[in-house]
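Residue-level listing of the chains:
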Amino acid sequence: MAKTLDIVPVGEWGFFTLPRPMVIAGPCSAESEEQVLETARGLAAWGIHMFRAGIWKPRTHPGCFEGVGTPGLKWLKKVKAETGMKVCTEVANEKHVYECLKHGVDMLWIGARTSANPFLMQEIADALQDTDIPVLVKNPVNPDLDLWIGALERLNRAGVRKLGVIHRGFSTISSRPYRNAPGWQIAVELRTRIPELPIFADPSHMGGDRKYLQELSQRAMDLGFEGLMIESHCNPAVALSDAKQQLVPSELQTLIESLIIREKDSVDEDYREGIGQLRSRIDYIDEDLLKEFGARMEVSRKIGAYKRDHNVAIVQTTRWDAVMEGMKEKARAYGLSEKFIEDVFNAIHEESIRIQNGVLSEGPEA
Ligand code: PEP
Ligand code: MN
């Protein structure tokens, strides 16, 4: 797909040190000067370069702690002066942007509830015109890749070229055991469409509980994401928001050091030859699958004509249920998951019905 965004590579922003993961850490919310500084000191002590803290908090219910607002930006300034770390916070409207620019915030992020709203995204993009500040855009709360890309496009058109994303999972009916369903495939599809866009995972909001941070962080690294944004608080037990998912800085250090970082690629000759052979096998198999799909749909077309000529309805659910059950049974023998087989055969069935409907609307053969 054509390149859609004009982006400055993350390595040139001057914020993050390689190797992976690039880590952004800090409390869900800035609560007090002491809490912000103590957490920042704990993180700076082992090499974190980018500090996060929410200043304006989008909360589900009114009356919850909604952030300290502009006064908290002064605490972020102190973090910079004392530790040398860069600082970032969430903005959700133009006023937030202006306040951050005035107070020397180094990077902004857009929250999931905001990236889902094109009016707010446009307002923020307009406020960022002619600035050079990097912006990370969280995925919208709903799993809509185009809405996510649209938010990035609005910023990019306003001249924001230091752009990246944060993948924090999606609100869906069932996200168990996590707070938000990971929906990894959406971030992977984004990587395919815009490969130069750096991706940070946010295992804190994805997991919703510190017990999931390790597995989600490792998964993000295995998928080749560049970084992680993780919440860290000097005393999570008394945190005013997201207490269950925050780690003290030393626990976060242990987590980060435990991650296994695999190379994105290898120059090793044996590896290249091996992977080349495997890929060409896959290409042959995919081509066979295409041929078989074509043959199968041809039979569907014939069945459609046959049903039409005998005045029989197209969908017979009992037959399809039996076919599906049989397929699942056989699939097990091939080591294929039921979910996969169900998804594939439902797609095939849908296409088959579409073809048969087409035959029906063509009318009987002359
Ligand atoms: C946050 O990062 O503190 C936050 C509110 O996250 P999200 O927008 O992902 O819910
Ligand atoms: Mn939070």
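Not measured: the values here are computed from a predicted model.

Rules of the game
Sequence order as written defines the numbering, with residues in each chain counted from 1. Lettering of chains starts at A and numbering of ligands starts at 1, both following the order in which they are written. Residues qualify for local features only when their pLDDT is at least 70, as the model is predicted, and side-chain atom pairs are given and counted only at 80 or more; totals for whole chains, interfaces and linings, by contrast, use all residues. Excluded from the side-chain calculations are hydrogens and water; all other atoms, namely the structure's heavy atoms, are used. Whether a residue is near a molecule or strand is decided by its heavy atoms; if any one of them lies within 4 Å of it, the residue is near. Here a polar contact means two N or O atoms within 3.5 Å. Within protein one must be a hydrogen donor candidate and the other an acceptor candidate, and residues neighboring in sequence count only if both atoms are side-chain atoms. Here the Shrake-Rupley method, with its probe set to 1.4 Å, supplies the accessible areas, and only the displayed protein chains count as covering residues. Comment: elements are numbered from the N terminus, with helices defined as DSSP H or I runs of at least four residues and strands as E runs of at least two. The cut-offs for exposure are 20% and 50% of the maximum accessible area for each residue type, with area from a 1.4 Å probe on protein chains only; residues under the lower value are buried, those over the upper are exposed, and the others partly exposed. Here, residues are in contact when the closest pair of their heavy atoms is within 4.5 Å. Strands pair, by our definition, only if DSSP identifies at least two bridges between them. Each axis is a line fitted through C-alpha atoms, and for a helix only the stretch in contact is used; angles between axes span 0 to 180 degrees, taken between their N-to-C directions. Whether two aromatic rings pair depends on their centres lying within 6.5 Å, for rings of Phe, Tyr and Trp, where Trp uses its six-membered ring; planes under 30 degrees apart make the pair stacked, over 60 edge-to-face, and the rest tilted. Here a donor is any nitrogen, oxygen or sulfur atom (N, O, S) within 2.8 Å of the metal, with 3.2 Å used for Na, K and Ca; water is not among the atoms considered, so some sites may look incomplete. What goes into a patch is any residue over 30% in relative accessible area without a salt bridge, connected to like charges within 9 Å or, for nonpolar side chains (Val, Leu, Ile, Met, Phe, Trp, Tyr), within 5 Å. A pairing counts as a salt bridge when a side-chain nitrogen of Lys or Arg comes within 4 Å of a carboxyl oxygen of Asp or Glu. Under this rule, positive means Lys or Arg and negative means Asp or Glu; His and the chain ends count for nothing. Where a charge lies is defined by one atom per residue type: Lys uses NZ, Arg uses CZ, Asp uses CG and Glu uses CD. Only buried residues count toward a nonpolar core, which is a set of Ala, Val, Leu, Ile, Met, Phe, Trp, Tyr and Cys residues joined through side-chain atoms within 4.5 Å. Within this scheme a cavity is a closed region of a 1 Å grid, computed over the protein atoms alone, that accommodates a 1.4 Å probe without allowing it to escape, whereas a pocket is open but has protein on both sides within 12 Å along at least five of seven lines; lining residues each have an atom within 4 Å of a point. Grid points are joined across faces, edges and corners, and a volume is the space filled by probe spheres set on the points. Gly counts as polar in this scheme, as do all residues outside two lists: the nonpolar Ala, Val, Leu, Ile, Met, Phe, Trp, Tyr, Cys and Pro, and the charged Asp, Glu, Lys and Arg. Handedness rule for crossovers: strands pointing away from the viewer, path from the first strand over the helix to the second running clockwise, crossover right-handed. For classification, angles of less than 35 degrees are called roughly parallel, those exceeding 145 degrees roughly antiparallel, those between 65 and 115 degrees roughly perpendicular, and all remaining angles oblique. In this scheme the crossing of two helices becomes right-handed for a clockwise turn of the near helix relative to the far one and left-handed for an anticlockwise turn of less than a right angle.

**Quick word on the site of ligand 1**
Surrounding ligand 1, one finds Arg52, Lys57, Glu90, Trp109, Gly111, Ala112, Arg113, Lys138, Arg168, His205 and Glu231. One nitrogen or oxygen atom from the side chain of arginine 113 is found 2.9 Å from an oxygen atom belonging to ligand 1. Here an oxygen atom of ligand 1 and a side-chain polar atom of histidine 205 are 3.5 Å apart. For ligand 1, the protein covers 97% of the area, taking 300 Å² as the surface of the free molecule.

**What about the environment of glutamate 33?**
With respect to the helices, strands and loops of the structure, glutamate 33 is situated in helix H1 (residues 33–44). The class for glutamate 33 is partly exposed, based on a relative accessible area of 25%. Between the C-alpha atom of glutamate 33 and that of lysine 74, which follows or precedes it by 41 residues, the distance is 8.7 Å. Beyond its immediate stretch of four places on either side in the chain, glutamate 33 contacts Trp75 and Lys78.

**Side note on the sheet that holds strand S6 (residues 163–167)**
Reading around the barrel, the eight strands line up as S1-S2-S3-S4-S5-S6-S7-S8 and close back on themselves, with parallel pairing between neighbours. With strand direction ignored, the average angle separating the axes of adjacent strands in the sheet is 30 degrees. Contacts between helix H6 (residues 145–157) and the sheet are confined to strand S5 (135–138) and S6, with S6 contributing the most and set at about 155 degrees to the helix. The sheet strands contacting helix H9 (residues 213–222) are strand S7 (199–201) and strand S8 (227–231), and the helix crosses S8 at an angle near 165 degrees.

**Considering the packing of aromatic side chains**
Using the criterion set out here, one finds four aromatic pairs in the structure. Of the aromatic side chains, those joined through ring pairs into one cluster are Phe15, Phe16 and Phe200.

**Examining the coordination of the manganese ion (ligand 2)**
Within the protein, the atoms that donate to the manganese ion (ligand 2) are Cys28 (SG), His205 (NE2), Glu231 (OE) and Asp242 (OD), at distances of 2.0 to 2.3 Å. All donor residues of the manganese ion (ligand 2) come from one chain, and their arrangement in sequence is C-x176-H-x25-E-x10-D. Here cysteine 28, found in the loop between strand S1 (22–26) and H1, pairs with histidine 205, found in helix H8 (residues 203–207); they are 177 residues apart in sequence, far enough to count as distant. One exposure class covers both cysteine 28 and histidine 205, and it is buried.

**A word on a negative patch on the surface**
On the surface, a cluster of negative charge is contributed by Asp268, Glu269, Asp270 and Glu273. On the secondary structure map, glutamate 269 appears in helix H11 (residues 269–309). Note on glutamate 269: relative accessible area 68%, which makes it exposed.

**Section: the nonpolar core**
Core analysis: the largest hydrophobic core is formed by 69 residues, its most contacted members being Phe51, Leu128, Val137, Leu155, Leu163, Leu197 and Ile256. Counting residues per element, this core draws most heavily on H6, which supplies six residues. With residues up to four places along the chain from it excluded, the contact list for leucine 155 reads Met121, Ile124, Ala125, Leu128, Val135, Val137, Val160 and Leu163. Of all hydrophobic cores here, the second largest spans 15 residues; its members include Val8, Met22, Cys88 and Leu136.

**Side note on the layout of surface pockets**
Estimated volume of the largest pocket: approximately 570 Å³. Lining the largest pocket are 14 residues, with Leu289, Leu336, Ile341, Val344 and Phe345 positioned closest to its centre. Listing elements by their share of the lining of the largest pocket, those giving two or more residues are H11, helix H12 (317–333) and helix H13 (338–362). When residues of the lining of the largest pocket are assigned to their parent elements, the largest contribution, five residues, is made by H13. A class-by-class count of the residues in the lining of the largest pocket yields 11 nonpolar, no polar and three charged.

**Description of the pairing of S6**
Extensive coverage of S6 is indicated by the burial of five of its five residues. Across the two faces of S6 the burial is the same, with Leu163, Val165 and His167 and Gly164 and Ile166 all buried. Strand direction decides the pairing type here: S5 and S6, joined by four bridges, are parallel. Along S6, the bridge assignment pairs valine 135 with leucine 163. Once you follow S5 into H6 and on to S6, the crossover reads as right-handed. On the question of chirality, the crossover connecting S6 to the parallel S7 by way of helix H7 (residues 184–193) is right-handed.

**A word on the packing of helix H5 (residues 118–128) against H6**
Here H5 crosses H6 at 25 degrees, and the two axes come no closer than 8 Å. Accordingly, the angle class assigned to the pair H5 and H6 is roughly parallel. Note that H5 runs across H6; the crossing there is right-handed. The segment H5 lies against H6, with Pro118, Met121, Gln122, Ile124, Ala125 and Leu128 engaging Leu147, Ala151, Arg154 and Leu155.

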